[in-house]
Amino acid sequence: MKNFLLLLTFAGVVGSVHAQELVKDDAAKTSVGHWALAIETDNLLLLKKVDGPGDDYYLRKIVPSIGYFATNTLLLGVGVPLGLSSRNGTYYSSGTIGQAGVYSSTSSPTQIGIAPFVQLFLGKGKVKPYVGASYRYTHQQLNFSIRELSVYLKQTGNESELSVFTGLTYLLTPKLGIDAKLRYGWQRGDHPYITFPNRLESSYSSTYSYMGQLLSANVGLRLMIGE
């Protein structure tokens, strides 16, 4: 639902700008000295293979980024992956750490990272295919809480990813475009997890190391800056 609302916001921005500026056939603001601002969602996971227990806290992220055209077709930039998710659960207490009963628990994983990338645009005109590569490093934190029992647990971890991608930008105006991308990545990291079993008054907080691959589809907006 959050991703859907985000995409609706994207659509509103696109419509507003499109009403003010018409597309020109030769509009191609991918030229040396220009900057590009973008925001995309990692909102469609096509494949995820992890050599280990599996990622129970996969996050749907947004990735704002900024890039600089070193040549007319080569964009060098950096993105900031941001992830947030909250899941509610139920805890059944037998009374050892508090009064017996049924309580609501919350698991809240978060991520923030940095992702330098290189991107090569191909072709001319409004439709601009591209290929590229990126490296990501993210810091992960998992919070677990049962407020009625004053239980607050935290565990941290990290993840690194080397990826290649291909996609295209469709220019709605000389400066604003819709972006679609397919990304394949190789991952490794230390994933945080916390256990707090129902009816057992003990908890365990740790990380596990893993390696894996993923294929994801990303969508977003790209804004060209410069004359």
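Note: the structure precedes this text.
One structure accompanies this document, and this report is about it.

Rules used throughout
Residues numbered from 1 in each chain as written. Predicted model: local features only at pLDDT ≥ 70, side-chain atom pairs only at ≥ 80, totals over all residues. Heavy atoms only, no water. Patch = residues over 30% accessible without salt bridge, like charges linked within 9 Å, V, L, I, M, F, W, Y side chains within 5 Å. Areas by Shrake-Rupley, 256 points an atom, 1.4 Å probe, with all protein chains shown as cover. Salt bridge = Lys/Arg side-chain N within 4 Å of Asp/Glu carboxyl O. Helix = DSSP H or I, 4+ residues; strand = E, 2+ residues; numbered from the N terminus. Buried < 20%, exposed > 50% of the residue type's maximum accessible area, 1.4 Å probe, protein only. Phe/Tyr/Trp six-rings, centres within 6.5 Å; stacked < 30°, edge-to-face > 60°. Core = buried A, V, L, I, M, F, W, Y, C linked by side-chain atoms within 4.5 Å. Polar contact = N/O pair within 3.5 Å; in protein donor to acceptor, adjacent residues only side chain to side chain. Contact = heavy atoms within 4.5 Å. Pairing = 2+ DSSP bridges.

### A look at a nonpolar patch on the surface
Working step 1: A cluster of nonpolar residues, Trp-35, Leu-37, Ile-66, Tyr-68, Leu-223 and Ile-225, forms a patch on the protein surface that exposes about 480 Å² of accessible area.
Working step 2: As for its placement among the helices and strands, Ile-225 is situated in strand β10 (residues 204–225).
Working step 3: Residue Ile-225 is classed as partly exposed on the basis of its relative accessible area of 37%.

### Here we look at the pattern of salt bridges
Working step 1: Tallied over the full model, the rule gives three salt bridges.
Working step 2: Between Glu-40 and Lys-181 there is a salt bridge whose closest N-O contact spans 3.1 Å. Residue Glu-40 is located in strand β1 (residues 35–51), and its partner Lys-181 is located in strand β9 (residues 176–195); the two are separated by 141 residues in the primary sequence.
Working step 3: Overall, Glu-40 belongs to the buried group, its relative accessible area being 11%.
Working step 4: Here Arg-183 and Glu-161 are joined by a salt bridge, their closest N and O atoms 2.9 Å apart.

### Structural notes on the packing of aromatic side chains
Working step 1: Evaluation of the coordinates by the stated rule reveals five aromatic pairs.
Working step 2: Between Phe-69 and Phe-121 the ring centres are 5.7 Å apart and the planes differ by 40°, which places this aromatic pair in the tilted class. Residue Phe-69 is found in strand β2 (residues 61–69), and its partner Phe-121 is found in strand β6 (residues 101–121); the two are separated by 52 residues along the sequence.
Working step 3: Taking the relative accessible area as the measure of exposure, Phe-69 reaches 0% and is therefore buried.
Working step 4: An aromatic cluster of at least three residues, connected via ring pairs, comprises Phe-69, Phe-121, Tyr-130 and Phe-165.

### Here we look at the nonpolar core
Working step 1: Among the nonpolar cores identified, the biggest contains nine residues, and these are Ala-36, Phe-69, Leu-75, Phe-117, Phe-121, Tyr-130, Phe-165, Leu-171 and Met-224.
Working step 2: Of all the secondary-structure elements, those providing two or more residues to this core are β6 and β8 (151–171).
Working step 3: Core analysis: the second largest hydrophobic core is formed by eight residues, Tyr-91, Leu-142, Ile-146 and Leu-149 among them.

### Some thoughts on the side chain of Glu-159
Working step 1: Topologically, Glu-159 is positioned in strand β8.
Working step 2: Glu-159 gets classed as buried once you look at its relative accessible area, which sits at 8%.
Working step 3: A polar contact of 3.3 Å, which involves the side chain of Glu-159, links it to the side chain of Gln-187.
Working step 4: Reaching out from Glu-159, the side chain makes a polar contact with the side chain of Tyr-210 at a distance of 2.3 Å.
Working step 5: Setting aside its immediate chain neighbours within four residues, Glu-159 contacts Arg-136, Tyr-137, Thr-138, Gln-140, Gln-187, Arg-188, Gly-189 and Tyr-210.

### A word on the pairing of β8
Working step 1: Across 20 bridges, the pairing between strand β7 (residues 127–146) and β8 is antiparallel. The residue bridging Ile-146 from the neighbouring strand is Val-151, located in β8.
Working step 2: In this structure, the hairpin formed by β7 and β8 is closed by a connection of four residues, where Ser-150 is found at a positive phi of approximately 55°.
Working step 3: Here β8 runs beside β9; their pairing, made up of 14 bridges, is antiparallel. Each bridged residue has a counterpart across the sheet, and for Phe-165 the counterpart in β9 is Arg-183.
Working step 4: Linkage of β8 to β9, two consecutive antiparallel strands, is achieved through a turn of four residues.

It is worth stressing that arrangement in space is one thing and function is another; only the former is reported here.
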